[in-house]
Amino acid sequence: MGNTTNRLDGLKSKLTSAAPETGAKAARSPDGPVMAAAEQEEFWRLYAKVAMPAIERSCRGFSRALTDNAMSAEDMTAWVDERVWKMLRKGAWPVFHDSPSPQEAAERLAQKSKLLARWAYMGLSRSTWRRKAREAKYLSGMSRSERLAAVSSTPADLERMDEVHEDLERIRKAVSAKTRTQAAASWHEPEDRRRIAMVLGVTGPGEEAVIARAETGEIKANTLDQMRSRTRKEIRSILKGPGATVLVLIVSMLALVLGAAPAQAGEQTGGRPGGRAEVGAVKSGAIMSGHALLAREGEQTGGRP
Amino acid sequence: MSPATTTTTHTTLITAPNPTNMSALEAAMMDACNQLHEAVGQGDDDAALRLRSDLAEMLDRYEHSNADDHPNADWAVPHQRALALSAAGEVEGAIVYEEIALEHAGTDRQREISLGNLADRSIRAGRAEQAVEYFFRARDVSPRSVPIMLTGAQALYLAGYVSESNRIFQALGAMPRLLREGTELTAYLDFETRLQEMRLDLPALDELLGRWESIRAEGV
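Since we're looking at a predicted model, the values are computed, not measured.

**Student:** Give a description of the overall build of chain B that names residues and reports values.
**Tutor:** Along its length, chain B carries twelve helices and zero strands. Element order for chain B, N to C, with α for helix and β for strand: α-α-α-α-α-α-α-α-α-α-α-α. Long-range pairs, those at least 24 residues apart, make up 59% of the contacts in chain B with a sequence separation of at least 6. Here chain B has roughly 8,100 Å² of accessible surface; of this, 49% comes from carbon and sulfur atoms.

Structure representation (structure tokens):
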């Protein structure tokens, strides 16, 4: 025992002599005196104010970068709090060994937030991965619905989706062209369909083929009805959106050419029930009876592909 | 762009963005709907009949309790009925009820859920382009939602936008934190059988599924 103490003392003196007299990056020093009680109170106040935000940020960063958020950032922060408390109690390196003022100590902790977060990561690694392994084992024994019940939302990173968003904007435009084609092809007066197509700016061979299919009966009448209903609804929904200018023009032009008032298009919502009364009308045995009620309405269930 | 062809099997899964925010009755209905989807998919008529009856009872209770004090009962009641109809295989009825719910949606989250569900059901009804429309509306409301992107990727694929669909899976694959147990992405990879059919045409999805399969194999 005596030998051990001597070796430790020797190590401490070695470390002390190795430390530069000035400069922030000192080698590890022996523990210093414990901070006075009144100062400790001041220290904890400053710790919460100065150091904790930096520590929380570092813990979140380490959790994300090293564990894909598997390690709880809150657990890491709590681990650091406890470690700081232990260091304070012992006057320990690397924060309290040289009797810093409460302000200095809090600032040091803020500066060393990444080191503390790394300590927390190492301290919690084993328990975290054990827990994850237990969870994985538990999950593998769960039924489909039990596993789905345990799923929760994780938002995707927007910055990773930039290219996807460009793709989608391009498709949105293509879909709008398709919608315009369908609006023309499903126009209720067959003789007006080509004029509508011209007004809507869909006059290519592909669009012409769709109109021809509608005229020859290749597209069935009830499919055309649904197409008409859907396209008008789509146009109405786009009209509500921010990029409505073009469609406002289109619908205005339609009104001029054919006297088809935009309001008429807007009124055609597909005839789907839209009120609480219909919801309330479905009582017990509801799954089937609800459907029966809707079938009686007759506008949406018939003739779908 | 060539139209993709695939058989649309009866597989739908229901997840909640935050399961702890649901009432006990809502959680029970979600579980029952997931079980009913599974029973219908497997052709287990006895289980399906029992679950339909259970769900009908729960829906009545839900409606009579003013949607278990949901802050927006006008949205919640038709939304839950739509979930149940969908699980029972009555897709058209589910679409109509979800549209009723959509009209009463009071928050972006409610709009996102209803529009996403409408996209999914349009796919099941064989109307891929309508699904794409709903997907775009859902994306406007919630561009970061993983289930919306996954449903959208399926809709785009079925509407013939194969490379764009692949790009979505590529982007999702670049986010490793989504590839772990308990996320919406891995729930879809595990249980959405349509993705297994699509992987033949989509290299990024194939890679994503392969990575997830090897992660799971290592975990066992």
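**Student:** Quick one: what's the story with the overall build of chain A, residue by residue and with numbers?
**Tutor:** If you tally the helices and strands in chain A, you get 14 helices and zero strands. Across chain A, helices and strands are ordered from the amino to the carboxyl terminus as α-α-α-α-α-α-α-α-α-α-α-α-α-α. Every one of the 305 residues in chain A was classed for burial, and the buried ones make up 37%. A total of about 17,300 Å² of accessible surface is found on chain A, and carbon and sulfur atoms cover 55% of it.

**Student:** Report on the packing of aromatic side chains, specifying residues and quantitative values.
**Tutor:** Per the counting criterion, the structure on display carries five aromatic pairs over all chains. Members of the aromatic cluster, each reached through a chain of ring pairs, are Phe 43, Trp 44, Tyr 47 and Phe 96 of chain A.

**Student:** Residue-level account of the pattern of salt bridges, with values.
**Tutor:** Residues and elements named next belong to chain B. For the structure shown, the criterion picks out 18 salt bridges over all chains. Measuring nitrogen to oxygen at the nearest pair gives 3.5 Å for the salt bridge that ties Arg 109 to Glu 112. Pair noted here: Arg 109 and Glu 112 are both in helix α6 (residues 108-124), with a separation of three residues, about one helical turn. Look at Arg 109 and you get partly exposed, because its relative accessible area is 40%.

**Student:** Describe the environment of Gln 40 of chain A, naming the residues involved and giving the relevant values.
**Tutor:** The topology assignment puts Gln 40 of chain A in helix α2 (residues 37-67). With sequence-adjacent residues up to four places away left out, Gln 40 of chain A is seen in contact with Val 34, Met 35 and Leu 88 of chain A.

**Student:** Which residues make up the environment of Ser 186 of chain A, and what values do they have?
**Tutor:** Residue and element names in this part refer to chain A. When you line up the elements, Ser 186 lands in the loop between α7 (162-185) and α8 (193-200). Separated by 29 residues in sequence, Ser 186 and Glu 215 have C-alpha atoms that sit 9.4 Å apart. Those residues in contact with Ser 186 that lie beyond four places of it in its chain are Arg 193, Leu 224, Met 227, Arg 228 and Thr 231. One polar contact links the side chain of Ser 186 to the main-chain carbonyl oxygen of Gln 182, over a distance of 2.6 Å.

**Student:** Mind laying out unusual backbone geometry, listing which residues take part and the relevant values?
**Tutor:** Pro 94 of chain A follows Trp 93 of chain A through a cis peptide bond whose omega is 10°. On the secondary structure map, Pro 94 of chain A appears in the loop between α3 (73-90) and α4 (102-111). If you check the backbone angles, Ser 99 of chain A has positive phi at about 50° while not being a glycine. Its location among the elements puts Ser 99 of chain A in the loop between α3 and α4. Looking at Ser 99 of chain A, the relative accessible area reads 46%, which means it is partly exposed. Positive phi values are uncommon outside glycine, yet Ala 67 of chain B reaches one of about 60°.

**Student:** Give me the confidence of the model for chain A: which residues, what numbers.
**Tutor:** Here chain A shows a mean pLDDT of 68. Residues at 70 or above account for 62%. Looking over chain A, one finds the lowest element-wise mean pLDDT in helix α12 (residues 262-267) of chain A, namely 26, and the highest in α4 of chain A, namely 93.

**Student:** How would you explain the nonpolar core if you had to name every residue and give the values?
**Tutor:** Core analysis: the biggest nonpolar cluster contains 53 residues, and Leu 168 of chain A together with Phe 169, Leu 172, Leu 185 and Leu 189 of chain B have the highest contact counts within it. Residues in contact with Leu 172 of chain B, not counting those within four places in the same chain, are Leu 150, Leu 178, Leu 185 and Leu 208 of chain B.

**Student:** Which residues make up the side chain of Ser 113 of chain A, and what are the values?
**Tutor:** All names here are of chain A. You can see Ser 113 is positioned in helix α5 (residues 113-140). With a relative accessible area of 6%, Ser 113 lands in the buried category. Among the polar contacts listed, one links the side chain of Ser 113 to the backbone oxygen of Ala 110, at a separation of 3.2 Å. Once you skip the residues sitting within four places of it in the chain, Ser 113 turns out to touch Ala 54, Ile 55 and Ser 58.

**Student:** Give me the lowdown on helix α2 (residues 45-64) of chain B, citing residues and values where you can.
**Tutor:** Residue and element names in this part refer to chain B. With 20 residues, α2 ought to run about 28 Å at 1.5 Å a step, and its terminal C-alpha atoms sit 29 Å apart, in line with that. Listing the buried residues of α2 in full gives Ala 47, Ala 48, Leu 51, Leu 55, Ala 56, Met 58, Leu 59, Asp 60, Tyr 62 and Glu 63. Positive phi shows up at Asn 66, right after α2, with a value of about 55°.

**Student:** Give a detailed account of the side chain of Arg 124 of chain B, specifying residues and quantitative values.
**Tutor:** Residues and elements named next belong to chain B. With respect to the helices and strands, the residue Arg 124 is situated in helix α6. Of the buried charged residues, Arg 124 lacks a salt bridge, with Asp 120 as the closest side chain of opposite charge at 4.2 Å. Looking at Arg 124, its side chain comes within polar contact range of the side chain of Ser 86, at 2.7 Å.

**Student:** Provide a residue-level description of the packing of α6 of chain B against helix α7 (residues 128-141) of chain B, including the pertinent values.
**Tutor:** All names here are of chain B. The N-to-C vectors of α6 and α7 enclose an angle of 165°; their axes lie 8 Å apart at closest approach. Comparing the axis directions of α6 and α7 gives the class roughly antiparallel. The handedness of the crossing between α6 and α7 is left-handed. Across the interface between the two elements, Asp 108, Arg 111, Glu 112, Leu 115, Gly 116, Leu 118, Ala 119, Ser 122 and Ile 123 from α6 touch Ala 128, Gln 130, Ala 131, Tyr 134, Phe 135, Arg 137, Ala 138 and Val 141 from α7. Of the residues assigned to the contact of α6 with α7, the class counts are ten nonpolar, three polar and four charged.

**Student:** Now, about the packing of α7 of chain B against helix α8 (residues 146-158) of chain B: what can you tell me, with residues and values included?
**Tutor:** All names here are of chain B. The geometry of α7 relative to α8 is characterised by a closest axis approach of 8 Å and an angle of 150° between their N-to-C directions. Here α8 runs roughly antiparallel to α7, going by the angle between their axes. Our pair here, α7 against α8, has a crossing hand that is left-handed. Mapping the contact onto sequence places Ala 128, Ala 131, Val 132, Phe 135, Ala 138 and Arg 139 in α7 and Ile 148, Met 149, Gly 152, Ala 155, Leu 156 and Leu 158 in α8. When its residues are assigned to classes, the contact of α7 with α8 shows ten nonpolar, one polar and one charged.

**Student:** Hey, could you go over the confidence of the model for chain B for me, with residue numbers and the actual values?
**Tutor:** All names here are of chain B. Per-residue confidence for chain B gives a mean pLDDT of 87; residues scoring 70 or more make up 94%. Confidence over residues 1-9 falls short of pLDDT 50; this stretch has 20 contacts with residues more than four positions distant or in other chains. Our summary of model confidence lists the complex with pTM equal to 0.55 and ipTM equal to 0.77.

Procedures and definitions
Residues numbered from 1 in each chain as written. Chains lettered and ligands numbered in written order. Predicted model: local features only at pLDDT ≥ 70, side-chain atom pairs only at ≥ 80, totals over all residues. Heavy atoms only, no water. Helix = DSSP H or I, 4+ residues; strand = E, 2+ residues; numbered from the N terminus. Contact = heavy atoms within 4.5 Å. Areas by Shrake-Rupley, 256 points an atom, 1.4 Å probe, with all protein chains shown as cover. Buried < 20%, exposed > 50% of the residue type's maximum accessible area, 1.4 Å probe, protein only. Phe/Tyr/Trp six-rings, centres within 6.5 Å; stacked < 30°, edge-to-face > 60°. Salt bridge = Lys/Arg side-chain N within 4 Å of Asp/Glu carboxyl O. Polar contact = N/O pair within 3.5 Å; in protein donor to acceptor, adjacent residues only side chain to side chain. pLDDT = per-residue confidence, 0-100. Core = buried A, V, L, I, M, F, W, Y, C linked by side-chain atoms within 4.5 Å. Expected span 1.5 Å × (residues − 1). Lys, Arg positive; Asp, Glu negative; His and termini not counted. Axes fitted to C-alpha atoms, helices over the stretch in contact; angles between N-to-C directions. Parallel < 35°, antiparallel > 145°, perpendicular 65-115°, else oblique. Left-handed = near helix turned anticlockwise from the far one by under 90°. Nonpolar A, V, L, I, M, F, W, Y, C, P; charged D, E, K, R; others polar.

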